[in-house]
Amino acid sequence: MNQDLTVGKPEKVLWKFCLPLFGSIIFQQLYNIADSLVAGKFIGENALAAVGNSYEVTLIFIAFAFGCNMGCSVIVSQLFGAKEYRRLKTAISTACIFAAILCGILMLIGIFGCTPLLQLIHTPEELLASSRLYLDIYIWGLPFVFFYNIATGIFSALGDSKTPFYFLAVSSASNIAVDMLFVKMFNMGISGVAWATFLCQGISCVLAVIAIWIRLKDITVAEESLLFDWELLKRIMVIAIPSILQQSFISVGNILIQSVINGFGASVMAGYSAAVKLNNMVITSLTTIGNGISNFSAQNLGAHRFDRIKDCFYAGIKMVWYLCIPFCFLYMLFGKYLLLLFMEEGASAALMAGRQFLWILAPFYFIVSAKLIADGILRGISAMRQFMISTFIDLILRVILAFILSDWTQSALGIWCAWPIGWSISMICSIFFYKSNVKKLTENKST
C-alpha cells in the first residue's frame, strides 16, 4: 500500500511508517545472529570467530547494496512526492541497470580478492579456510543482496514499509530453521551456515522483486517511461556514491579495527563477534529509522513542505530514544545471558570481552541515535557533503583511537572506548549541519 508522507501529523505518520521498518531490520539482523548462534553453539568457538571475521568483509559488499538502496529510494521518494510518476518508473529501471553492473564487478573482485583481504586483516591461520569458505558462498549470493535492497528502497520510497516486513519475517524465520537443518542434521559445518543464508535471501529477493513489478503496473502514466535516463542516473549517484563511500569506509574502518582485535587472539575475536552482532542489531535498527526519516524528508522536499522536515527531526528523536531504552537496559543488565546464546559457559575470556563491549557502548545509544536522525534528514534533502563530513569524523576517530587506546591499555578495552568518543563528536556535527540546512530551506521558501 503506497503512502503519501506529505500529509498528516508528522509524529503519527513517522511512527506508522517507521515501526514496520524497525521490525524488518530486526528480522534482517536475525540472519547474521542465526549464523553466529548456530556456528558458536553447534560447530565451535573457532567457527563463531570465523563467521564474525568474515562478516566484516561482507559489510563492504553490503555497503554498495545499501548505497544503491538509498540512491534509488531518495530520488524515487522525491519524484513520488512531486507526483512525477513517469520519471519515477524511469528512475527505478535506471537504478536496477546501475545496480546489476556494479554487482557484477563486485562479484569478480570478491572471487579473486577475498583471500588477500583476509590475510591483510591478520586472520589467524586456523580460521582462514573457514572464513574463505563462508565468503565464497556469500559472494555468489550478491545479486540477491543487491536487488533485495533496491526493492525495499522502492517500497520505502512509495511509503510502504509493511510489505518488506512481511518478506523478512518469513525468510528470517526460515533461515534459522535451515541453519539448524544444514548444520545439526546434515553436518555441513560452516558451509551450511552460508548456504542457509544464500537460499533464504534468494527467496526473499525474488518475492520482493515480483511484488515491486506488480505494484508498478498499478501506477499508470500517460506515456511509456524510458528504460534508462542519464540525468536521473546522475541524481541517483549523487545520493548513492556518498552512501556507498560512507558505508564502505565504515566497513574498511571496521576491518582495520578487526585487525587490531585479531591481535588479541581467538577468544577476544569470538567475544567481539557475538557482542557486535547484538550491537549491530541496535545500530542497524536506528540506521533504518534514519532511512525512513530520509524517505519522509525526500517526499516533503519534493512537495515543498519544508516545515514538516523540521517537525520530523523532533518526532524522530523521540521515537529512537524510546527504542534505545529497552536495548540499553537489556545489554547493561542481561548482556551475559544474551552472549551465552552464542557460546558456552566455559568460554570465560570470550564472555568477558563481549560483556565489556556492551557495557561501554550501550549508554551511548542515545547519542548515536540522535546523529542518525540528523543524518537521515541530511540525506533526504540531498545535503550529502555535510553528511559525509560527519560520517568520516566518526569513522576516522574510531579507527585512530582503536589503535592508540589499545596500545595504551594493552587490552581490547581501549578498542571498545573508541566507539563512544567517535559517536559523541560526530553527533554534534550532524545536528549542526541539520539545523543550518533546514534554516536555509525555510529562508529560501520565504523569499
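Residue positions are counted from 1 within each chain, in the order its sequence is given. For this predicted model, a pLDDT threshold of at least 70 governs which residues receive local features, and a threshold of 80 or more governs which side-chain atom pairs are given and counted, while totals over whole chains, interfaces and linings are taken from all residues. Think of the side-chain values as coming from all heavy atoms in the structure, minus any hydrogens and water.

1. Some thoughts on the packing of helix α10 (residues 306–339) against helix α11 (residues 348–361)
At step 1: Where α10 meets α11, the closest approach of the two axes is 9 Å, and the angle between their N-to-C directions is 150 degrees. On the basis of the axis angle, α10 is roughly antiparallel to α11. α11 is crossed by α10, and the crossing has right-handed handedness. The residues of α11 that touch α10, namely those facing Y331, M332, G335, K336 and L339, are L351, G354, R355, L358 and W359.
At step 2: Split by residue class, the contact of α10 with α11 holds six nonpolar, two polar and two charged. Angles shown run from 0 to 180 degrees and are taken between the N-to-C directions of axes, each axis being a line fitted to C-alpha atoms and, for helices, limited to the stretch in contact. Helix and strand definitions here come from DSSP, where helices need a minimum of 4 consecutive H or I residues and strands a minimum of 2 consecutive E residues; each element is numbered from the N-terminal end. Under this scheme an angle from 65 to 115 degrees is roughly perpendicular, one under 35 degrees roughly parallel, and one over 145 degrees roughly antiparallel; angles in between are oblique. Handedness of a helix crossing follows the sense of rotation of the near helix relative to the far helix, less than a right angle counterclockwise being left-handed and clockwise being right-handed. Any two residues whose heavy atoms approach within 4.5 Å at even a single point are treated as in contact. Side-chain classes are defined by residue name, with Ala, Val, Leu, Ile, Met, Phe, Trp, Tyr, Cys and Pro counting as nonpolar, Asp, Glu, Lys and Arg as charged, and the others, Gly among them, as polar.

2. Brief notes about the packing of aromatic side chains
At step 1: In this analysis, rings of Phe, Tyr and Trp, with Trp reduced to its six-membered ring, are considered paired at centre separations within 6.5 Å, and the interplanar angle assigns stacked below 30 degrees, edge-to-face beyond 60, and tilted for intermediate values. For the structure on display, the rule yields 17 aromatic pairs.
At step 2: An angle of 20 degrees between the planes, with centres 4.2 Å apart, marks the rings of F313 and Y434 as stacked. Pair noted here: F313 is in helix α10 and Y434 is in helix α14 (residues 413–446), with a separation of 121 residues, a long-range link.
At step 3: Under the scheme applied here, a residue whose accessible area is under 20% of the maximum for its type counts as buried, over 50% as exposed, and between as partly exposed, the area being computed with a 1.4 Å probe on protein chains only. Relative accessible area serves as the criterion here: at 6%, F313 is assigned to the buried category.
At step 4: Taken together, Y272, F357, W416 and W419 form an aromatic cluster joined through their ring pairs.

3. Observations concerning the packing of helix α5 (residues 142–157) against helix α7 (residues 190–217)
At step 1: Running from amino to carboxyl end, α5 crosses α7 at an angle of 40 degrees, the nearest separation of the two axes being 8 Å. As summarised for this structure, α5 and α7 are arranged oblique, according to the angle between their axes. As α5 runs across α7, the sense of the crossing is left-handed. Contacts between α5 and α7 involve P143, F144, V145, F147, Y148, A151, I154 and F155 from the first element and F198, Q201, G202, S204, C205, A208, V209, A211, I212 and R215 from the second.
At step 2: For the contact of α5 with α7, the per-class residue count stands at 14 nonpolar, three polar and one charged.

4. Remarks on empty space enclosed by the protein
At step 1: Only protein atoms enter the 1 Å grid used here. Points where a 1.4 Å probe fits but cannot escape make up a cavity, open sets with protein on both sides within 12 Å along at least five of seven lines make up a pocket, and a residue lines them when an atom lies within 4 Å of a point. Grid points are joined across faces, edges and corners, and a volume is the space filled by probe spheres set on the points. Evaluation of the coordinates by the stated rule reveals two cavities of 30 Å³ or more.
At step 2: Put simply, the second largest cavity is a space of about 30 Å³.
At step 3: In terms of lining, the second largest cavity is formed by I137, Y138, G141, A194, T197, F198 and Q201.
At step 4: Put simply, the parts of the chain that give the lining of the second largest cavity at least two residues each are α4 (125–140) and α7.
At step 5: Of the residues contributing to the lining of the second largest cavity, the split by class is four nonpolar, three polar and no charged.

5. Overview of helix α9 (residues 266–302)
At step 1: A helix is expected to reach a length of 1.5 Å times the quantity of its residues less one. With 37 residues, α9 extends 51 Å from end C-alpha to end C-alpha; this agrees with the ideal 54 Å at 1.5 Å per step.
At step 2: Immediately downstream of α9, the backbone of H304 shows phi near 60 degrees, a positive value.

6. Structural notes on the confidence of the model for the chain
At step 1: Confidence of the predictor at the level of single residues is given by pLDDT, which spans 0 to 100. Confidence in the prediction of the chain, expressed as mean pLDDT, is 82, and 93% of residues score 70 or more.
At step 2: Confidence scores differ between elements of the chain, with helix α1 (residues 10–43) showing the lowest mean pLDDT of 72 and helix α12 (residues 365–380) the highest of 91.

7. A few points about the environment of D311
At step 1: Structurally, the position occupied by D311 is in helix α10.
At step 2: Taking the C-alpha atoms as reference, D311 lies 6.5 Å from P10; in sequence the two are 301 residues apart.

8. Thoughts on a positive patch on the surface
At step 1: Note that patches include only residues with greater than 30% relative accessible area and no salt bridge, and the join distances are 9 Å for like charges and 5 Å for nonpolar side chains (Val, Leu, Ile, Met, Phe, Trp, Tyr). Every accessible area reported is derived by Shrake-Rupley at a probe size of 1.4 Å, with residue values counting cover from the shown protein chains alone. The rule for a salt bridge is simple: a side-chain nitrogen of Lys or Arg has to be within 4 Å of a carboxyl oxygen of Asp or Glu. By the counting scheme adopted, Arg and Lys are positive, Glu and Asp are negative, and His together with the chain ends is not counted. Where a charge lies is defined by one atom per residue type, namely NZ (Lys), CZ (Arg), CG (Asp) and CD (Glu). On the surface, K9, K12, K16 and K162 cluster together into a patch of positive charge.
At step 2: Tracing the backbone shows K162 in helix α6 (residues 162–185).

9. Points about the pattern of salt bridges
For side chains bearing opposite charge, pairing can occur when the charged atoms are close.
At step 1: Applying the stated criterion across every chain, the model contains seven salt bridges.
At step 2: One salt bridge connects E11 with K318, and the closest N-O pair in it is separated by 3.4 Å. You can see E11 sitting in helix α1 and its partner K318 sitting in helix α10, a full 307 residues away along the chain.
At step 3: Here E11 falls in the partly exposed class, since its relative accessible area comes to 25%.
At step 4: Among the salt bridges present, the one from D394 reaches R398, with a minimum N-O distance of 3.1 Å. Placement of both D394 and R398 in helix α13 (residues 384–409) is noted, with a separation of four residues, approximately one turn of the helix.
At step 5: Overall, the relative accessible area of 6% leaves D394 in the buried class.
At step 6: Here the residues in one salt-bridge network are E84, R87 and E231, joined through shared partners.

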